[in-house]
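Structural characterization, general
The primary structure of each chain is shown beneath.
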Amino acid sequence: MDIDLLSNILYAMVRTGTPLLLVALGELVCEKSGVLNLGQEGMLLMGAVVGFVAALLSGSLMLGFLLAILAGVAMSLLFGLIALGFSANQVATGLALTIFGTGLSAFIGSEFVGKPIDGLDPIALPLLSEIPLIGKMLFAQDPVVYLSFALFIAVYWFFRSSRPGLVVKAVGENPHAANAIGLPVMRTRYLAVMFGGAMAGLAGGYLSIAYTPLWVENMSAGRGWIALALVVFASWKVERVLLGAWLFGLASILHLVFQGLGFSISSNLLAILPYAATILVLVLLSRNQIRARLLAPISLGKPFHASS
Amino acid sequence: MAEPHITPPRLTLRGITKTYPGCVANDAIDLSIEAAEIHALLGENGAGKSTLMKVIYGLVKPDQGELLWDGLPIDVRDPAHARKLGIGMVFQHFSLFETLTVTENIALALGEDAGDLPSLAERISAVSQKYGMALNPDREVHTLSVGERQRVEIVRCLVQPIKLLILDEPTSVLTPQEVETLFVTLRQLAEEGCSILFISHKLNEVRALCHRATILRAGRVSGECVPTEESSESLARMMVGDDTPISTDYPKVQGQEPFLQVRGLTRLSDDPFGVDLQAISFDVQAGEILGIAGVAGNGQEELLGALSGEDEVDNHDAIHFPHGAVGHLSPRERRAAGMAFVPEERLGRGAVPDMSLKDNALLTGFLTGLVKRGLIAHGKTRDFAEQIIERYRVKTPGTETHAASLSGGNLQKFIIGREIMQQPKLLIAAHPTWGVDIGAATAIHKALIELRDQGAAILVVSEDIDELFQISDRIGALCHGRLSPIKATPQTSINEVGRWMAGDFSEPQATAETISA
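All values reported here derive from a predicted model rather than from experimental measurement.

This part is about the interface of chain B and chain A. In this assembly, 20 residues from chain B lie in contact with 16 residues from chain A. Each partner contributes to the roughly 1500 Å² buried at the junction of chain B and chain A, and carbon and sulfur atoms together form 64% of this total. It is Phe97, Thr99 and Leu108 of chain B that lose the most area in chain B upon contact with chain A, and together they represent 38% of the buried surface on that side. Summed over the shared surface of chain B and chain A, the number is zero salt bridges. Residue assignment for the side of chain B that touches chain A shows that the elements contributing at least two residues are α2 (79-85) and α3 (102-110) of chain B. The dominant element in the side of chain B that touches chain A, judged by the number of residues it contributes, is α3 of chain B, at four residues. For the side of chain B that touches chain A, the residue count by class is 11 nonpolar, four polar and five charged.

Structural data, given as structure tokens:
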């Protein structure tokens, strides 16, 4: 295989992995605070349609991204109100949010299907992008990809050495104890959910403005679910989320690569790879009870009410 | 303490009242704690101790009444405010985060005052050294023992200036040696001027440690005293009231026919850290209580598992009921043959935490006609649960209450009641009064004696040697999976059983010879 092809595969891998990375980073923060939001797919779609329509009508890609993020935050607040404010079942609420977001995005976007916009252009950094093999992958991407690198570092640092990161972990592990020592459990969880919404909205905007600059109904094609699986796959570790997002990105372009190389493997078969990998990781994790307990946020998915 | 009339008390509570739906947790409670005083708050489970200390710590808002801090009225808004005032609290169920290190745990509680982690770790080491509580700040909490976790909670209070330390049942999780170490620390703290509110229902500890005591009963103050001037009996009387008997002696009886016969029970443990049972033989006779003593982890779990039918035994003949070998029977089949079983773990094995008392009653009671043609007789089941609650004085709003919301003692009364009400011919009870207060323990003991007098065979496995001497007719001990000789209780002594627990099963011939020589 020549180095140009390899360099292109790596470039496409990061590009494809970016929306997964963004959604998964958001969901990771959310789950670390003990909230399981299965509404990622719905938030992603809302971000995509709102971002696309805003960019199309205003002609400003920047405004498109901004409104995409706001749409994600609005959706996550709806989730927060029901699942945190009213202590509803988080799984049911998240599923409802996905169904709601899928339907609403199709409704909003029905008149804009297939309309073209000028998407976000890549910016190749001088010199750096000339590095063989990884230059194109890391330094010839569009601004949102660069932003995803920055967000990854920020989230990594947040959990590794910031006090708010410690608070989020504490709230996700034992909200009652956190409350007893005076940490703001509800505020922390709301903020974590909103961060998850913002990241999903941004990822949606990336899909419809940069990755494939157009709107098609249900264009996220299950990326929200893959990102959810990815968080488990990464066993709630930030650095593994990056690795996993790119790996899953690679898996989803693998059929193109194989076609290019002359193999024929069903793309459907390759599409199940991320899920199969997640199941495998879950099995391996649950083999050791103690490890499993220490990795997942202990109170994940359990509603908290201060008086109980 | 020298001039209590000039200096106002550190903390004064006046007429604190807190009502929850269905119960008055605190009813016009007055309490005052001086500087440098170790003050006991005594009371049974459900007497309102926990609610009262949550009021002091700002976790619960009282409906009525006021708090005075150093003589000035104050409204403790939340735990953070309480800490700012200098109030620290050590919870019974630790409020620690297992996946974080000791330093991180403490940093979380201190808020912005924590400073950077390395310097906080140094402060933690300094405090833990000063008060003789060895602690490694870099360990993750899940790797710590229960005693060490408690140290984390205490050190967490001590790294800040502290004026009042509240400890909720701090000794219930400690070994006797650890309790001693804790008391040394607490006395040292009090000498330095810190007030301590020590919440407990263990009378000996209160008498050994505390300067004054306030006793709560059913949400009200039922007495105030100097514990060293009281006997355990008089303290107990104030806790449980006049109408609850606190009998200490039961007549010893001789059993009749053996009901349970165990012969050469040998079993290798499935758990790599478990204990192998080695050729255990004993009988439990109808109409007697056999007590088995032993320090935890000497084969009790394994023996109970083999007897209840949860663990498989290779040699089916090793366990006999009067009608034949039962070693191959499932727990359900053994129950049908007249056995009842009270496991050590109340929530999870004795009862399902998230199910109502009614459904929990059904779980083992279904053989007594509560299920007809595969359908649950709901009316009968409710009656059954109500009878248990009434006869064994389980404090609960009703049969629909979840098992998890009952206090340990109340749930244990319910579980024992459920088993006894089924009129078993053999009752196996593990640690029946572990973590249970006096009133409930007495009720449980009386229920066991009553069942014995009706002719049931009873096996009690317990770590509480006083309890075994009180209720058992015969007694033995487990050590490293071996069973000591079994003797009638009046013919042995706490000393001898203590030797058995340490693995010395020999007759004390040496002393006999010295005397004759």
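Under the criterion given, the structure shown has nine aromatic pairs over all chains. Summarising the aromatic geometry, the rings of Phe149 of chain A and Trp246 of chain A are spaced 6.1 Å apart at their centres and angled 70 degrees between planes, so their arrangement reads as edge-to-face. Residue Phe149 of chain A is located in helix α6 (residues 143-161), and its partner Trp246 of chain A is located in helix α11 (residues 238-261); the two are separated by 97 residues in the primary sequence. With 6.0 Å between their ring centres and 75 degrees between their planes, Tyr57 of chain B and Phe91 of chain B make a pair best called edge-to-face. In this pair, Tyr57 of chain B is assigned in the loop between α1 (49-56) and β4 (64-69) and Phe91 of chain B in the loop between β6 (87-90) and α3, connecting sequence segments 34 residues apart. Judged on exposure class, the residue Tyr57 of chain B and its partner Phe91 of chain B are both buried. For the cation-ring pair, Lys32 of chain A lies above Phe159 of chain A, with the distance from its terminal atom to the ring centre recorded as 5.6 Å. We note Lys136 of chain A situated over the ring of Tyr11 of chain A; from NZ or CZ to the ring centre the distance is 4.8 Å.

Right, let's talk about the sheet that holds strand β14 (residues 319-321) of chain B for a bit. All names here are of chain B. Pairing within the open sheet is antiparallel, and its four strands lie in the order β12-β11-β14-β15. What marks the edges here is a single partner per strand, and that holds for β12 (277-285) and β15 (324-325). By the bridge criterion, two bridges tie β14 to β15 in an arrangement that is antiparallel. Of the residues in β15, the one forming a bridge with His320 is Ala325. On the sheet, helix α9 (residues 300-308) packs against β11 (258-267), β12 and β14 and is oriented at approximately 60 degrees with respect to β12.

Calculation notes
Residue indices follow the written sequence of each chain, beginning from 1 at its first position. The naming scheme follows written order: chains are lettered A onward, ligands numbered 1 onward. The predicted nature of this model means local features are confined to residues of pLDDT at least 70 and side-chain atom pairs, given and counted, to a pLDDT of 80 or more, with totals for whole chains, interfaces and linings taken over all residues. For the side-chain quantities, the full set of heavy atoms in the structure was used; hydrogens and water were omitted. Residue contacts are defined here by distance: any two heavy atoms, one from each residue, within 4.5 Å place the two residues in contact. Once two parts are brought into contact, the accessible area they lose, counted with a 1.4 Å probe and summed over both, makes up the buried area. Just to be clear on terms, a salt bridge is a Lys or Arg side-chain nitrogen sitting within 4 Å of an Asp or Glu carboxyl oxygen. Put simply, DSSP H or I for four residues or longer makes a helix, DSSP E for two residues or longer makes a strand, and each gets a number counted from the N terminus. Each residue is assigned to one class: nonpolar for Ala, Val, Leu, Ile, Met, Phe, Trp, Tyr, Cys and Pro, charged for Asp, Glu, Lys and Arg, and polar for all the others, Gly among them. Two rings from Phe, Tyr or Trp (for Trp, the six-membered ring) form a pair when their centres sit within 6.5 Å of each other. Planes less than 30 degrees apart are called stacked, planes more than 60 degrees apart edge-to-face, and all others tilted. Three labels apply to residues, based on accessible area from a 1.4 Å probe with only protein chains included: buried if under 20% of the type maximum, exposed if over 50%, partly exposed otherwise in between. Our definition puts a charge over a ring when NZ of Lys or CZ of Arg is within 6 Å of the ring centre and also within 35 degrees of the ring normal. Criterion used throughout: strands pair if DSSP finds at least two bridges between them. A fitted line through C-alpha atoms represents every axis, and for helices the fit uses only the stretch in contact; the resulting angles, taken between N-to-C directions, go from 0 to 180 degrees.

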